[in-house]
Amino acid sequence: MTPKENLKNLELQLPKVSTPGGSYVSVNVRENIAYIAIQFPILNQNYLYQGRLGNEITTEQGYKAMELCALNVLAHVDHKIGFENIVGLNHIDAYFQSGPDWDDSPIVVNGASDLFVRVLEEKGKHSRAIFGVEKLPRNFSVGLTASFTIKKKT
């Protein structure tokens, strides 16, 4: 099935593409690699899941927040590149802010990893890194960057 069919079967919709919050582009293509700038749990310009994991945000909410970040990545891919031009997802970098005793980051980041595989199937398999940070912009609990290999233009 196509990514759009998979999204429909999962009863998910891609959010509106967000605007960069600084002097950068959301999607940067270099030869056949596309780099997606950090995406946060924003749904159609509404800021969601703000706070620290383990304090204001539960692990389950963190999973959903990371899933939303992944949907925002996919929205940019669809808008700027087109799903049909994706060879595969290479790597994701996941960022989180948490309380001092919280330690479930792999579970939260699975929100993105699981979504990418469910939507992109084999092309969604990837490597990843997880970073705990002191503070994320707008007090978001999580953030996500990604890189994709895309078809070379002939």
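Quick notes on the rules
Residues numbered from 1 in each chain as written. Predicted model: local features only at pLDDT ≥ 70, side-chain atom pairs only at ≥ 80, totals over all residues. Heavy atoms only, no water. Helix = DSSP H or I, 4+ residues; strand = E, 2+ residues; numbered from the N terminus. Expected span 1.5 Å × (residues − 1). Bend = angle between axes of the 7 residues up to and from the residue. Buried < 20%, exposed > 50% of the residue type's maximum accessible area, 1.4 Å probe, protein only. Contact = heavy atoms within 4.5 Å. Pairing = 2+ DSSP bridges. 1 Å grid on protein atoms, 1.4 Å probe; cavity = no way out; pocket = protein on both sides within 12 Å on 5 of 7 lines; lining within 4 Å. Points joined across faces, edges and corners; volume = space filled by probe spheres on them. Nonpolar A, V, L, I, M, F, W, Y, C, P; charged D, E, K, R; others polar. Axes fitted to C-alpha atoms, helices over the stretch in contact; angles between N-to-C directions. Core = buried A, V, L, I, M, F, W, Y, C linked by side-chain atoms within 4.5 Å.

## Let's talk about helix 3 (residues 105-120)
An α-helix turns once every 3.6 residues. As a result, residues three or four positions apart point the same way. The end-to-end C-alpha separation of helix 3 is 23 Å, in line with the 22 Å expected for 16 residues at 1.5 Å each. For helix 3, the principal kink sits at G111 and spans about 30 degrees. All buried positions along helix 3 are accounted for by S105, V108, V109, G111, A112, S113, L115, F116, V119 and L120. Buried residues along helix 3 sit against helix 1 (3-9), helix 2 (59-80), strand 5 (86-96), strand 6 (127-132) and strand 7 (142-150). Once helix 3 finishes, E121 follows within two positions and takes phi at roughly 55 degrees, a positive value.

## Details of the pairing of strand 7
With 9 of its 9 residues buried, strand 7 lies for the most part within the structure. Going residue by residue along strand 7, you find V142, L144, A146, F148 and I150 tucked away on one face and G143, T145, S147 and T149 tucked away on the opposite face as well. Note: strand 2 (residues 33-39) against strand 7, 5 bridges, orientation antiparallel. Across the sheet, I36 pairs through a bridge with A146, a residue of strand 7.

## Some thoughts on the layout of surface pockets
Of the volumes computed, that of the largest pocket is approximately 400 Å³. If you go around the largest pocket, you meet 19 residues; those closest to its centre are T19, P20, G21, I42 and Y47. Considered class by class, the residues forming the lining of the largest pocket number 9 nonpolar, 8 polar and 2 charged. Within this model, the second largest pocket holds a volume of roughly 220 Å³. Across the lining of the second largest pocket, the residue classes break down as 3 nonpolar, 2 polar and 5 charged.

## Focus on the sheet that holds strand 2
Taken in spatial order, the 5 strands of this open sheet run 1-2-7-5-6, and their pairing is mixed. With partners counted over all chains shown, the strands left at the sheet margins are strand 1 (27-30) and strand 6, one partner each. Averaged over all pairs of adjacent strands, the angle between strand axes in this sheet comes to 15 degrees, irrespective of strand direction. Sheet contacts for helix 2: strand 1, strand 2, strand 5 and strand 7; angle to strand 7, the most-contacted strand, approximately 35 degrees.

## Topic: the nonpolar core
Residues M66, V73, I92, F116, V142, L144 and F148 are the most contacted members of the largest nonpolar core, which totals 34 residues. Looking at this core, the elements that each hand over two or more residues are strand 2, helix 2, strand 5, helix 3 and strand 7. The element that contributes the greatest number of residues to this core is helix 2, accounting for 8 residues. Beyond its immediate chain neighbours, meaning those up to four positions away, L144 contacts A37, I38, Q39, M66, C69, A70, V73, I92, D93, A94, A112 and F116.

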